[in-house]
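Chain and residue survey
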Amino acid sequence: MRTVITAVILKLCFCLTGAVSPNAPSETTVTAAPGDILILPCYTLGNVTPSVTTWIKNGLEIISGGQATAASPDSNPTPGQQRLAVLHDGSLNVQGVIPGDEGEYLCKTTLPNNGSFQATVQLQVASGPENVSTTISPSIPLPNGTVLVYQGSTVYFVCSSSSYPSQQLTWAFSGVSSRNDSLVSTAGPLLEFIIENIQPSAQGVYSCKAQNTVSNQITSRSTEMIVYYTPDRHPECQWGPGEDASHFQFSCTWFGWYTTPMLRWVGNGDDPRTGLKETTFASEETDSLSVTLNRSLLFDGQTLTCTAQHPALHPGKERTCSFTLKPPYPDGEPLVTALEATSVTLTCTEASSIPPANTIWKKSLQQDDIVPGTKYVLSQQGPVFSLTIVNITKDDEGIYFCRSENPLAIRELEVYLTVRTSSANTGAIIGIFLAVLIVGSAIIIAKTVYSSRHRICLGSGFGQMEDGGDVLRLVESDDEQLFQDAVPHLPPLANGHHTTLVQIHRIPSSDHEDTEVADTSPQQQEDTAQTEEPVDLVTF
């Protein structure tokens, strides 16, 4: 089919470029691929069959024939001539074109009327492009032909093709927000370019285009590339109860990756039993990893870490999730008092346990289970666990336990409930009365002492002079004369002083005070002045 098409095209080309003058040669260019069956027509004017036709290639005659020789070709053709034949109309038939057939062909035709015709054909042998191949690496091929690369990696793009005699290779890109029909180009058989630290903006369709420089035939190959970038989210760590109370299950999930990540559970901390600082519990290439640990492998302050490794993550950039184990610590009021025939609520708060503890209420020293119902109402609001006892009786009095358990330990809060009857209020009333009585008595005594403070102070020796001496002042209403006399020695005070000062004054009566003052003569004033000389201290 390809040969027939080639022959038809050439036939049309020669018809359009045929010579107007019998002696004027016509010229055209023909391109054929190796292996084609080619017919090079030698045109004549009208429908005249040429007598003799000679074909010359690059100045050398390669074959000649006419009506007789066309029907009976040379009986001993050369190997090259075995592929060539002159047809009855002078056309040259070439079987299996090879690159060596390239050149300029001249057709010389002798007509029956001794006329002549010449035509020139430039034959070009071209093949390809073929075997176009592309490589994008490092990448992960997907089933639909798309390749996957990771953000930040260095990606190599290689394109190769074969063409004769030459070709032009070009890498083109078509993305969501940009397009480039010529990223890089070369005239060789191989084309390579590199993108370092590739980013999601480089995601798109990459096409390698190969064009034959002779035939201008174009062949291309396209590959869609996805740039896979690592999201910021970390693995999710969860925990749950194991097969029994002494076991606990820890799970780690990290979904959404095309290639399965490597998950690893590790315990960090100074193990008081083994002395190890790090223990690997499990490691597997999966997107969900669970491990069940016995209580004997866990200790207070231990950090359990799930590490996720993936080819898209650079070394040291692994994603992790972790938590540090802490024992439970239930907290609440240890003593509760309630009246009979009322309701009371016991509360217990447990917020420190990691993983969260299983907290329940129990009753009596035997730690009997409490069954919720009309008598006991259990509730929880966040970390607060409540036990409400309805219509309390003396039978409800006793010890209640708020019991918290996690993989590390079991902790209990003891709450003692005291149930009192209504007669117990009598003691409270008496106590309040006695308290009021004592306070009232204290107020009365204090007021009495305060009102008699002067006499109390004099009787206690608080009237001492600042100089530490004992001073006694005696006042007589008949006259104003001062006199001194010895007095019995006062008992020694705590400060050890033994000096006593005695001053005696006569204070006139109010009836004749004004007259005596008026009748006082200068002489009396002088005597008074002499009398009020400084007194002597009498020392015992």
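Residues numbered from 1 in each chain as written. Predicted model: local features only at pLDDT ≥ 70, side-chain atom pairs only at ≥ 80, totals over all residues. Heavy atoms only, no water.

1. Some remarks on the overall build of the protein
How we decide: Each helix is a run of DSSP H or I of at least 4 residues and each strand a run of E of at least 2, with the numbering of both proceeding from the N terminus. Residue exposure (1.4 Å probe, protein chains only): buried if accessible area is under 20% of the type maximum, exposed if over 50%, otherwise partly exposed.
Within the protein one finds 6 helices and 35 strands. Buried positions account for 33% of the 540 residues belonging to the protein.

2. Quick look at the side chain of Thr305
As a reminder of what qualifies: Whether two residues are in contact is decided by their heavy atoms: any pair within 4.5 Å suffices.
By the secondary structure assignment, Thr305 is in strand 23 (residues 303-309). Apart from the residues within four sequence positions on either side, Thr305 is in contact with Arg264, Trp265, Val266, Asn268, Thr320, Cys321 and Ser322.

3. Section: the packing of aromatic side chains
Note the following rule: In summary, the pairing rule links any two rings of Phe, Tyr or Trp, Trp by its six-membered ring, whose centres are within 6.5 Å, and it sorts them by plane angle into stacked for under 30 degrees, edge-to-face for over 60 and tilted for everything else.
Counted by the stated rule, this structure contains 11 aromatic pairs. Three or more aromatic residues joined by ring pairs make a cluster, and in this case those are Phe157, Trp171, Phe173, Phe193 and Tyr206.

4. Here's the deal with the sheet that holds strand 28 (residues 368-369)
Short version of the rule: What makes two strands pair is DSSP finding at least two bridges between them.
Here 5 strands make up an open sheet; going across it, the order is 25-32-31-27-28 and the pairing mixed. At either margin of the open sheet sits one strand with a lone partner, and together these are strand 25 (335-339) and strand 28. The pairing of strand 27 (residues 358-363) with strand 28 spans 2 bridges and is antiparallel. Its bridge partner being in strand 28, Lys362 is matched across the sheet by Asp369.

5. So, the pattern of salt bridges
Rules: When a carboxyl oxygen of Asp or Glu is within 4 Å of a side-chain nitrogen of Lys or Arg, the pair counts as a salt bridge.
Applying the stated criterion to the full structure yields 9 salt bridges. Taking the shortest distance from any N to any O, the salt bridge between Lys277 and Asp270 comes out at 2.7 Å. Comparing Lys277 with Asp270 shows no difference in burial state: the two are exposed. For the salt bridge of Lys394 with Glu397, the shortest nitrogen-to-oxygen distance reads 3.6 Å. On the accessibility criterion, Lys394 (40% relative accessible area) is partly exposed. Of the residues examined, Glu397 reaches a relative accessible area of 28% and is grouped as partly exposed. When salt bridges that share partners are traced, they join Arg295, Arg403, Glu405 and Glu412 into one network.

6. Here's the deal with the state of the cysteines
We apply this condition: For the purposes of this analysis, a disulfide is any pair of cysteine sulfur atoms at a distance within 2.5 Å.
On inspection of all chains with the given rule, the structure shows 5 disulfides. In the protein, the cysteines engaged in disulfides, taken in order along the sequence, are linked 1-2, 3-4, 5-8, 6-7, 9-10.

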